[in-house]
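Chain and residue survey
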Amino acid sequence: MSRFVLVGGGVATAATATGLREEGFDGGIVLVAAEPHLPYERPPLSKEYLAGTVDRPSFRANPEAWYADHDVELVLGTRVDELVPAEHRVRLSDGRSLGYDALVLGTGVRARTLDGFSGERVHALRTLADSERLRGRLTAGRHLVILGGGFIGCEVAAVAAGRGVRVTVFEPEPLPLGRVLGAEFGRAVVDIHAEQGVEFRTGQVVTAMTETSSGLALTTRDGGVVECDELLVGVGSVPNAELAAAAGLEVDRGILTDEFGRTSAPDVHAIGDVAVRHHPEHGGPVRVEHHDTAVKHGRHTARVLLGHAEPFTEQHFFWSSQYDHMIQSLGRIDGEGETVIRGSVEDRSFTRFSLVDGRIAGMVALDRPRDLLATRKVMAVPHRVTADQLADDDFPLKSLLPKAGARRSEARR
Ligand SMILES: Cc1cc2nc3c(=O)[nH]c(=O)nc-3n(C[C@H](O)[C@H](O)[C@H](O)COP(=O)(O)OP(=O)(O)OC[C@H]3O[C@@H](n4cnc5c(N)ncnc54)[C@H](O)[C@@H]3O)c2cc1C
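Residues numbered from 1 in each chain as written. Predicted model: local features only at pLDDT ≥ 70, side-chain atom pairs only at ≥ 80, totals over all residues. Heavy atoms only, no water.

In plain terms, the rule: UniProt positions are given in the numbering used here, feature names are shortened, and annotations may be inferred rather than shown by experiment.
The name an unreviewed UniProt entry assigns to the protein chain is FAD-dependent oxidoreductase, from the organism Actinomycetospora termitidis. Among the UniProt annotations of the protein chain, the heading Cofactor (unreviewed entry) holds the following wording: "FAD".

Below, the structure written as structure tokens:
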């Protein structure tokens, strides 16, 4: 009987385990995870869980009983320390050795650290433990400084401000999220936060930190000093690809795979945040850190393991919520093609499309869930659209879908 070993305790490996059982696989599944928890979703860590409005079981990937009911062996609080592809074997941190018929690496990423920034009052945010520790420090009247105006920095700023914490965000770029989402979004995000009392110091960098008797003193590049009680370092992530690299797998800012999620070693697959997967829409390798993609990679790999080899072609999707605002993105938003804005930037209700060769290649929307729903359908079918049509809020995006009659005759063909 086959044994599949899944490495990592995130949603990606949990989705592989679920997919394998749903597809009828009745061999052995062992899931090895470094954290001591059941596989869980991370988005609430910077939102509802940090705010204290949801509890842990609500964001487990599967309920506790599911693993026993589906005969999935959990090895929690244990790392895979070594991978020997030639022997189809891994070595665990508890000294055990496990053989596999197929191995799935879903080791995720870790928070990037900054030299000289550590200590009791310094935080990162990647794990449940990080979120719990930070939550305990978000007390009204305290001052939190956040290094990095990325998604995690912005989401934590929103939660902290909601708890009465004074928040200052340092962002080296001229606008937060601007490089990823464009200047319109960057400006909207600054304004939304400013209304809640969050101060953005854009174009500014903190270069050093010292501990004082009552908190921290941060030195900025221009020589200023800012005092605070707590510091969150939110400056990006590092893929947990060392295990794969040491085993001789091809690694380049993550574990390289083909469009089926197969790595350069036989019977070793990589999924989720750590995987640099060839994607036909992008015409090359791409790594994203999106919850939805991690789940879909996991499900897709389950099918590949069972011999249903289709390439992974799903559009990448992510969201971010800050206060009562929602940012949602689909497809390519990497600056490729022509940029078209639909809706009102002034009213903070708009969508930024990327148009490539008369086709929507991607979109990101601020508080426009209907644009997302329609675009998702449109992007799934062949279509042609002009920049003027996209920019016209009265032009129904759904009119780009094939008519019902055309769909039926297409289906008959
Ligand atoms: C605070 C936060 C908020 C987020 N919010 C959003 C959001 O709003 N929308 C969105 O789309 N995405 C969001 N994301 C991103 C999303 O959570 C990730 O894309 C997703 O968690 C990736 O899942 P994964 O299973 O690939 O990896 P992970 O969830 O990182 O899980 C990997 C696991 O593998 C373990 N591991 C690593 N090495 C080993 C080893 N050698 N042996 C055993 N175990 C190992 C790690 O400890 C970890 O538990 C957020 C992420 C964070 C941190």
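**Quick word on the overall build of the protein chain**
Where we set the bar: Helix and strand labels come from DSSP, where a helix needs a run of H or I of at least four residues and a strand needs a run of E of at least two; each type is numbered from the N terminus. Both definitions apply: the radius of gyration is a C-alpha atom measure, and the globule rule equals 2.2 Å times residues to the power 0.38. Buried residues are those whose accessible area, probed at 1.4 Å on protein chains only, stays under 20% of the maximum for their type, while exposed residues exceed 50% and partly exposed ones sit between those limits. Any two residues whose heavy atoms approach within 4.5 Å are treated as being in contact. Accessibility throughout is a Shrake-Rupley quantity obtained with a 1.4 Å probe, and a residue counts as covered only by protein chains that appear here. Positive: Lys, Arg. Negative: Asp, Glu. His and the chain ends are not part of the count. In plain terms, the charge of a residue is placed at NZ if it is Lys, CZ if Arg, CG if Asp and CD if Glu.
If you tally the helices and strands in the protein chain, you get 12 helices and 26 strands. For the protein chain, whose C-alpha radius of gyration is 23 Å, the value lies close to the compact-globule estimate of 22 Å for 413 residues. Once the C-alpha set of the protein chain is aligned to its principal axes, its extents read approximately 65 × 60 × 35 Å. Taken over 413 residues, the protein chain has a buried fraction of 50%. Taking all contacts inside the protein chain whose residues are at least 6 apart in sequence as the whole, residues at least 24 apart take part in 59%. Total accessible area computed for the protein chain in this model is approximately 18500 Å², and 48% of it derives from carbon and sulfur atoms. Placing the 47 positive and 58 negative side-chain charges of the protein chain at their respective mean positions leaves the two points 3 Å apart.

**Examining the UniProt feature "domain: FAD/NAD(P)-binding" (unreviewed entry) in the protein chain**
The feature "domain: FAD/NAD(P)-binding" (unreviewed entry), as annotated in UniProt, sits at residues 4–298 in this numbering. For residues 4–298, helix accounts for 24% and strand for 29%, while the C-alpha atoms at its two ends are 13 Å apart.

**Here we look at helix H9 (residues 291–305)**
So the rule is basically this: In this scheme, a helix's expected span is set at 1.5 Å multiplied by one less than its residue total.
In this model H9 runs 21 Å from its N-terminal to its C-terminal C-alpha over 15 residues, within 8% of the 21 Å that 1.5 Å per residue would give. All of the buried residues along H9 are Asp292, Thr293, Ala294, His297, Gly298, His300, Thr301, Ala302, Val304 and Leu305. The inward-facing, buried residues of H9 contact strand E1 (3–7), helix H1 (11–22), strand E7 (102–105), strand E19 (268–270), strand E20 (275–279) and strand E22 (317–322). Positioned one or two residues after H9, Gly307 has a phi angle of 95 degrees, which is positive.

**Looking at the domain arrangement of the protein chain**
Here is the rule: Domain boundaries shown here were taken from an automatic or database domain assignment. Buried area is calculated as the accessible area (1.4 Å probe) missing from two parts once they are joined, with the contributions of both summed. We define a salt bridge as a contact between a side-chain nitrogen of Lys or Arg and a carboxyl oxygen of Asp or Glu at a distance within 4 Å. For the purposes of these results, a polar contact is taken to be a pair of N or O atoms within 3.5 Å, where, inside protein, one atom must be able to donate a hydrogen and its partner to accept one; residues adjacent in sequence count only when each atom of the pair is a side-chain atom. Each residue gets one label: Ala, Val, Leu, Ile, Met, Phe, Trp, Tyr, Cys and Pro are nonpolar, Asp, Glu, Lys and Arg are charged, and the others, such as Gly, are polar.
Here the protein chain is partitioned into domain 1 (3–110 + 237–305), domain 2 (113–233) and domain 3 (324–412). For domain 1 and domain 2, the distance between their C-alpha centres works out to 30 Å. Opposite the 17 residues of domain 1 that make contact, domain 2 presents 13 residues. Between domain 1 and domain 2, the buried area comes to about 1400 Å², and carbon and sulfur atoms account for 57% of it. Seen at the junction of domain 1 and domain 2, the total is three salt bridges. Joining domain 1 to domain 2, the criterion identifies 11 residue pairs in polar contact (both at pLDDT 80 or more). Elements with a contribution of two residues or more to the side of domain 1 that touches domain 2: helix H2 (48–51) and strand E8 (109–111). Sort the elements by how many residues they give to the side of domain 1 that touches domain 2 and H2 lands first, with three residues. The residue makeup of the side of domain 1 that touches domain 2, split by class, is seven nonpolar, three polar and seven charged.

**Considerations on the side chain of Gln322**
Its location among the elements puts Gln322 in strand E22. Here the side chain of Gln322 touches His193 through a polar contact of 3.0 Å, side chain to side chain. Apart from residues no more than four positions distant in its own chain, Gln322 is found in contact with Cys154, Glu155, Ala158, Leu177, Val189, His193 and Ile327.

**Observations regarding the layout of surface pockets**
To locate leftover empty space, one rolls a probe as large as a water molecule over the atoms. For clarity, the cut-off: With a 1 Å grid spanning the protein atoms alone, the term cavity applies to any set of points in which a 1.4 Å probe fits but cannot get out, the term pocket to an open set with protein on both sides within 12 Å along at least five of seven lines, and the term lining residue to any residue with an atom within 4 Å of a point. Grid points are joined across faces, edges and corners, and a volume is the space filled by probe spheres set on the points.
In this model, the second largest pocket occupies a volume close to 190 Å³. Considering the residues around the second largest pocket, the lining is formed by 16 residues, among which Ala111, Arg112, Thr113, His123 and Ala124 are closest to the centre. The set of elements that each furnish at least two residues to the lining of the second largest pocket consists of E8, strand E9 (122–123) and helix H4 (128–135). Classifying every residue of the lining of the second largest pocket by side-chain character gives six nonpolar, five polar and five charged.

**With respect to the pattern of salt bridges**
Tallied over the entire structure, the rule returns 32 salt bridges. Asp334 is the partner of Arg332 in a salt bridge, and the nearest nitrogen-oxygen pair spans 2.9 Å. The exposure class assigned to Arg332 is buried, which follows from its relative accessible area of 15%. We note a salt bridge from Glu336 to Arg332, for which the minimum N-O separation is 3.9 Å. Shared partners join several salt bridges into a network, and the residues in it are Glu120, Arg121, Arg137, Arg142 and Glu230.

**Description of the site of the ligand**
For the record, the criterion: Near, as used in this document, describes a residue that has one of its heavy atoms within 4 Å of the molecule or strand being considered.
Near the ligand, the surroundings consist of 35 residues, among which Glu35, Arg42, Lys47, Arg126 and Asp273 are the closest. At 3.0 Å from an oxygen atom of the ligand is found a main-chain nitrogen or oxygen belonging to Ala12. One of the side-chain N or O atoms of Asp273 is found 2.7 Å from an oxygen atom in the ligand. Calculation on the ligand without its partners gives an accessible area of 1000 Å², and the protein chains cover 94% of this total. Here the shell around the ligand is composed, by residue class, of 15 nonpolar, 12 polar and eight charged.

**Examining the sheet that holds E19**
Defined as follows: Pairing between strands is defined by DSSP: at least two bridges between them are needed. To define axes, lines are fitted to C-alpha atoms, for helices over the stretch in contact only, and angles between the resulting N-to-C directions are given on a 0 to 180 degree scale.
Taken in spatial order, the five strands line up as E3-E2-E1-E7-E19 in an open sheet, and their pairing is parallel. The open sheet has two edge strands, strand E3 (72–76) and E19, and neither has a second partner. Taking each pair of neighbouring strands and ignoring which way they run, the sheet shows an average axis angle of 20 degrees. Two strands pair when backbone bridges link them, and E1 and strand E2 (residues 28–33) are joined in this way by five bridges, in the parallel orientation. Within E2, the residue paired with Leu6 across the bridge is Leu31.

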